[in-house]
Amino acid sequence: MSLGIDIDKLDFAFQPIVNTHSGKIFAVEALIRNTDKLGFSSIQNFFDTLYEDKKLFKIDLLLREKAFKKFKEIDLKNLKIFYNIDNRIFTMPDFDVTQTLKILNKLSLNKETLCFELTEHYAYKDENRLKEVIQLYKKNGFCIAIDDFGTGVSGLHLLYVSETNFIKIDKFFIKDINLDSKKKLFCTSIVEMAHIMGIRVIAEGVENIDEYYICKELKVDFIQGYFIAKPTLNVKKIKKSYTDKRPIFDKDRRVLSNDFIDKSYIQKIESLNVNASLLDLFIYFKEHTRNTFVPIINNNKKILGAIYEVDIKEMSYSQYGLSLAKNNSSKEKLKSYIKPILEIDLTWGIDKALEIFSMRNDAKGIFVTKDAKYYGFISLSNLLSLSYKRNLEIAQNQNPLTKLPGNDQIDEYIKKVFEKKRNAHIIYFDFNDFKPFNDKYGFRQGDRAILMFSEILRKVLPIGSFIAHIGGDDFFVGFIEEKYEKVYETIALTQEEFKINVSSLYSQEDIKNNFMIAKDRFGITREFKLLSVCAAILEINKKSTLETFNIQLTDIKKASKTNSLPIGVSINL
């Protein structure tokens with residue numbers, strides 16, 4: 001019994017946090033268990049009572065030690081532990097930021113393994129105190145994560161104040177994200193904002209393969225949830241990799257994209273450990289005469305920043321520089337030379353790399369990580385080359401009006417679908433009675449109709465869909481691993497949106513009549529319905545062949561012209 005609480009009755013379960021793209025474990029979250037054995041109705045009730053009794057910090061220190069001891073039993077290298085902090089702990093009169101380091105030293109655990117999760121459960125009454133504590137934690141080498149991001153009213157405020165390393169998107173926004181376009185839009189914005197700020201994103205509560213696929217599309221860095229593993233009290237169940245259970249991580253089933261970073265543009269600049277001495281630093285620049293900086297990593301190979309030769313030149317050339325560098329007490333001074341850097345993950349793609357770099361155009365380049373470890377460096381000149389190459393690819397393969405991918409990319413997409421035996425849906429769109437409209441209202445109004453439809457496609461279709469413009473009033477869309485019912489519903493919605501919006505391009509008289517009068521291709525004046533779009537859906541499975549696809553395509557395109565709703569066919573042979 002300690003402080004009125006029998007800590008021995010409490011236990012910790014661990015839930016894996018894994019890399020979205022590789023399935024390799026990155027960390028575990030420690031989750032307290034058995035508070036009911038102490039007579040508390042819930043975990044929340046347990047911490048409320050500790051807070052009211054002014055015991056919150058003292059008991060939490062004991063809980064930390066208990067969690068860290070059990071974590072140490074997990075036989076995996078470079079694993080991190082995410083530990084939740086009740087933010088009211090900062091208000092305790094006995095709060096002392098140095099106590100955690102003492103516990104870690106006692107257990108021979110590296111401080112780089114620990115990440116504190118901050119929550120929005122309680123309002124931060126003293127912002128200065130919060131900033132002070134967070135800076136102390138970060139100064140001591142601890143990572144910070146914002147838990148349940150998006151559920152509290154102060155989320156963005158906390159993000160701004162904390163300068164966090166991780167954001168954990170609350171499970172509310174992940175549940176059924178594949179069925180909810182608003183959730184998808186919200187999470188897209190979070191990931192975009194986080195990555196530009198150099199923050200990694202974790203999705204909580206991923207429970208099925210459809211939610212996983214969306215998280216992967218959005219470039220979420222790590223996932224956590226029942227889809228991977230439930231929290232377990234048995235540390236022996238924690239695995240190094242979860243690809244054996246879920247062999248989906250190596251298969252990108254939803255996105256066929258050229259937005260990847262060409263590895264030939266990434267320089268493998270040798271790094272230096274943060275625990276190295278100034279002497280090691282001097283020797284590094286002496287041996288690497290072409291390098292103007294050195295990437296600094298920790299024991300887990302995570303990049304912390306870079307040290308630039310120009311910043312230590314004066315010391316290295318001084319008469320006391322060498323003797324000072326040989327002095328063991330100067331090791332700590334190495335950290336004072338580390339400068340912040342721009343950092344991206346290899347999976348984020350060249351478009352994201354260029355976007356992030358544009359936000360900080362004073363940088364000399366951008367550092368690349370893979371599986372949260374330092375991978376290499378893209379110099380300014382290589383970034384410019386990649387940018388030119390990317391823009392050239394886009395310009396060569398996109399429609400000049402809509403800026404959507406063109407026929408070359410459509411052919412490549414179809415080729416890959418059949419080569420990789422994907423389950424897919426291919427949709428061809430074609431405007432009805434577009435020529436009479438174009439003839440009567442002019443090509444500018446015709447272009448507006450085409451642009452309007454392209455914007456509707458971008459807005460309505462799920463992220464990860466392949467949207468392309470064949471030319472004129474013909475469009476192409478591809479879905480990977482979607483159910484036919486969902487595809488049909490989405491395409492029907494697209495048709496309806498266009499029908500409603502395109503009426504704004506007509507005169508009031510034509511809108512009132514619900515038709516227009518124009519000449520047909522034979523020069524005969526007659527009535528034409530207002531613009532609409534027909535849709536032909538071709539369902540492809542692993543048995544489908546390209547030859548059958550081409551034959552079916554011609555027939556279904558003709559049939560779709562006579563239907564106001566999408567018409568579909570399954571290609572089985």
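Residues numbered from 1 in each chain as written. Predicted model: local features only at pLDDT ≥ 70, side-chain atom pairs only at ≥ 80, totals over all residues. Heavy atoms only, no water.

Think of a sheet as strands paired side by side through backbone hydrogen bonds, with each pair either parallel or antiparallel. With respect to topology, 3 strands assemble into an open sheet ordered β9-β10-β11, the strand pairing being mixed. Each end of this open sheet is capped by a strand with a single partner; those strands are β9 (272-273) and β11 (303-308). Where β9 meets strand β10 (residues 293-297), 2 bridges bridge the pair, whose relative direction is parallel. What sits directly across from N273, in β10, is I297. Against the sheet, helix α9 (residues 278-287) makes contact with β9, β10 and β11, and its axis sits at roughly 135° relative to β10, the strand it touches most. (Pairing = 2+ DSSP bridges. Helix = DSSP H or I, 4+ residues; strand = E, 2+ residues; numbered from the N terminus. Contact = heavy atoms within 4.5 Å. Axes fitted to C-alpha atoms, helices over the stretch in contact; angles between N-to-C directions.)

With that out of the way, let us pick up the pairing of strand β18 (residues 515-519). By the alternation rule, side chains of β18 split into M516 and A518, which are all buried, and F515, I517 and K519, of which none is buried. With 5 bridges joining them, β18 and strand β19 (residues 525-529) adopt antiparallel strand pairing. Paired with I517 across the two strands is E527, which belongs to β19. Count of turn residues in the β18/β19 antiparallel hairpin: 5 residues, of which G523 carries a positive phi of about 85°. (Buried < 20%, exposed > 50% of the residue type's maximum accessible area, 1.4 Å probe, protein only.)

Moving on to the sheet that holds strand β13 (residues 365-370). If you walk across this open sheet you meet the 3 strands as β12-β13-β14, and the pairing is mixed. Looking at which strands have only one partner, the edges of the open sheet turn out to be β12 (343-345) and β14 (373-379). When the angles between neighbouring strand axes are averaged without regard to direction, this sheet yields 35°.

Another aspect to go through is helix α19 (residues 546-560). Helix length check: α19, at 15 residues, gives a terminal C-alpha distance of 20 Å against a target of 21 Å (1.5 Å per residue), a fit within 8%. Three or more residues of α19 are buried, namely F549, L553, I556 and S560. (Expected span 1.5 Å × (residues − 1).)

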